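# Close look at the chain arrangement
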Amino acid sequence: MHQPPQGESIWGIINTCVEIALNVYMIVAVDGQGIEREGVMIRKNAVKDTLSEKAAAMGREDGDWLCFDEDRKDIPVYEVLQRRMALCRRMESVVMKQMEEIRRDGKLSLTDYFGECAPPVETPAGRVDDMLHVRNGIYMTQDGESMKFAVHEAVADFFLSPMAAECGSRQGDYLFYDTASSAVMLNELKNVFDEVSALVITEDSLYATLDQKFPAYKQLYNACVPKEEQIPEVDAPAELFLAVQLEAARDREEQESRPVEEERLEEQEEEFGEQIDYDIR
């Protein structure tokens, strides 16, 4: 450990020595006439880490020390404060980031204190027009384009694999999944949250969707989990694992069958007309 300056100095005998920064000392010395003089002394081997070249050039060398007289002592003090302020800003940035992470994660695990995750207000396609609260941090949203699942980034960080997170589109604090890509997210969250599991009408269709639409994800997922948790091979239709998908499929069937029914009605009317014999004599 470096010893502070003591004994003789360029201003006289050192009476008071206070370290204001590492290897930087504020000095009060008494000269031969008994007059107190103030100055700043910096250990020479620490000058490059403490002062700018411009400031260092304004000091006077005295053995192992660089000295600043009473009329120039504010120069090293200013630069010490300048460096301290820069350090404070860096520390503030680190502290704020840490606080934000605690607050974000606390909205999942410490809701009594931090409250729940704020709902999404915008999707990648535009403003959220309607939404269904599935659970804290998970929503079904409707924008001007389509229905999407919204998963808060804190939920994703805790419970989704990196590959599942990459399948979502980020907007604000949320990852958004369309009905097809939601198979990836639902596959991982259905085993964590009962509310999410309840959304899956049939797991076979979910697995078929992953097999047909996301084979790379299925391969990687199966390589990372025990055999009993792997995505199985199934013989089922894809993209019918949600209630909205089943409703859409029924609507399509009705629309496709309607022209056939209308054609049959027209044929029946024609046959009925031919069978009637209006025998007016």
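Every chain's residues receive numbers from 1 upward, in the order its sequence appears when written. Per-residue local features of the predicted model are confined to residues with pLDDT of at least 70, and side-chain atom pairs are confined, for both listing and counting, to 80 or more; whole-chain, interface and lining totals are unaffected and use all residues. No hydrogens and no water enter the side-chain calculation; it runs on all heavy atoms of the structure.

## Observations regarding the pairing of strand β10 (residues 138-142)
Of all five residues that make up β10, four are buried, and the element is covered over most of its length. Relative to β10, strand β9 (residues 130-135) runs antiparallel, the two sharing five bridges. Bridging from a neighbouring strand, Asp130 pairs with Gln142 of β10. Pairing between two strands is assigned when DSSP locates at least 2 bridges connecting them. Runs of H or I in DSSP of at least four residues are treated as helices and runs of E of at least two as strands, each being numbered from the N terminus. What sits between β9 and β10 in their antiparallel hairpin is a turn of two residues, with Gly137 showing a positive phi close to 85 degrees. Of the pairings in the sheet, the one linking β10 to strand β11 (residues 147-152) comprises five bridges and is antiparallel in character. Each bridged residue has a counterpart across the sheet, and for Met140 the counterpart in β11 is Phe149. With antiparallel pairing between neighbouring strands as the criterion, β10 and β11 make up a hairpin whose turn holds four residues. We call a residue buried when its accessible area falls under 20% of the maximum for its residue type, exposed when it is over 50%, and partly exposed in between, using a 1.4 Å probe and counting protein chains only.

## Observations concerning the confidence of the model for the chain
Averaged over every residue, the pLDDT of the chain is 90; the share at 70 or more is 91%. As a per-residue measure, pLDDT reflects the predictor's confidence and takes values from 0 up to 100. When the elements of the chain are averaged for pLDDT, helix α11 (residues 243-275) gives the smallest value, 69, and strand β13 (residues 174-177) the largest, 97.

## Here's the deal with the side chain of Arg43
Looking at the element boundaries, Arg43 is found in strand β4 (residues 36-43). Charge assignment: positive for Lys and Arg, negative for Asp and Glu; neither His nor the chain ends contribute. Each reported salt bridge corresponds to a side-chain nitrogen of Lys or Arg within 4 Å of a carboxyl oxygen of Asp or Glu. No salt bridge is formed by the buried Arg43; its nearest oppositely charged neighbour, Asp64, is found at 5.1 Å. Excluding residues within four positions of it along the chain, Arg43 makes contact with His2, Gln3, Pro4, Asn23, Asp64 and Trp65. In what follows, a contact means two residues having at least one pair of non-hydrogen atoms within 4.5 Å.

## Observations regarding the pattern of salt bridges
Following the criterion strictly, the structure yields 17 salt bridges and no others. Notably, a salt bridge pairs Lys73 with Glu38, separated by 3.8 Å at the nearest N-O pair. Of this pair, Lys73 sits in the loop between β6 (65-68) and α3 (74-109) while Glu38 sits in strand β4; the two residues are 35 residues apart in sequence, bridging distant segments of the chain. A relative accessible area of 14% places Lys73 in the buried class. Looking at Glu38, the relative accessible area reads 33%, which means it is partly exposed. For Glu153, the salt bridge is made with Arg170, and the minimal N-O distance between the two is 3.0 Å. Remark: Arg170 occurs in strand β12 (residues 169-171) and Glu153 occurs in helix α5 (residues 153-159); sequence separation between them is 17 residues.

## Topic: the packing of aromatic side chains
Note on ring pairs: Phe, Tyr and Trp rings are taken, using the six-membered ring of Trp, and paired if centres are within 6.5 Å. Classes follow the plane angle, with under 30 degrees stacked, over 60 edge-to-face and the rest tilted. Summed over all chains, the structure comprises seven aromatic pairs. Ring centres 5.8 Å apart and planes at 75 degrees place the aromatic pair Tyr25 and Trp65 in the edge-to-face group. Taken together, the residues span a long stretch of sequence, with Tyr25 in strand β3 (residues 24-30) and Trp65 in strand β6 at a distance of 40 residues. One exposure class covers both Tyr25 and Trp65, and it is buried. When the ring of Tyr139 is compared with that of Tyr174, the centres are 6.3 Å apart and the planes differ by 70 degrees; the resulting orientation is edge-to-face. Residue Tyr139 is found in strand β10, and its partner Tyr174 is found in strand β13; the two are separated by 35 residues along the sequence. Grouping residues by exposure puts Tyr139 and Tyr174 together as buried. An aromatic cluster of three or more residues is present, and its members are Tyr139, Tyr174 and Phe176.

## What about the environment of Thr16?
Relative to the elements of secondary structure, Thr16 occurs in strand β2 (residues 12-21). Once residues lying within four places of it in the same chain are set aside, the contact partners of Thr16 are Met26, Ile27 and Val28.

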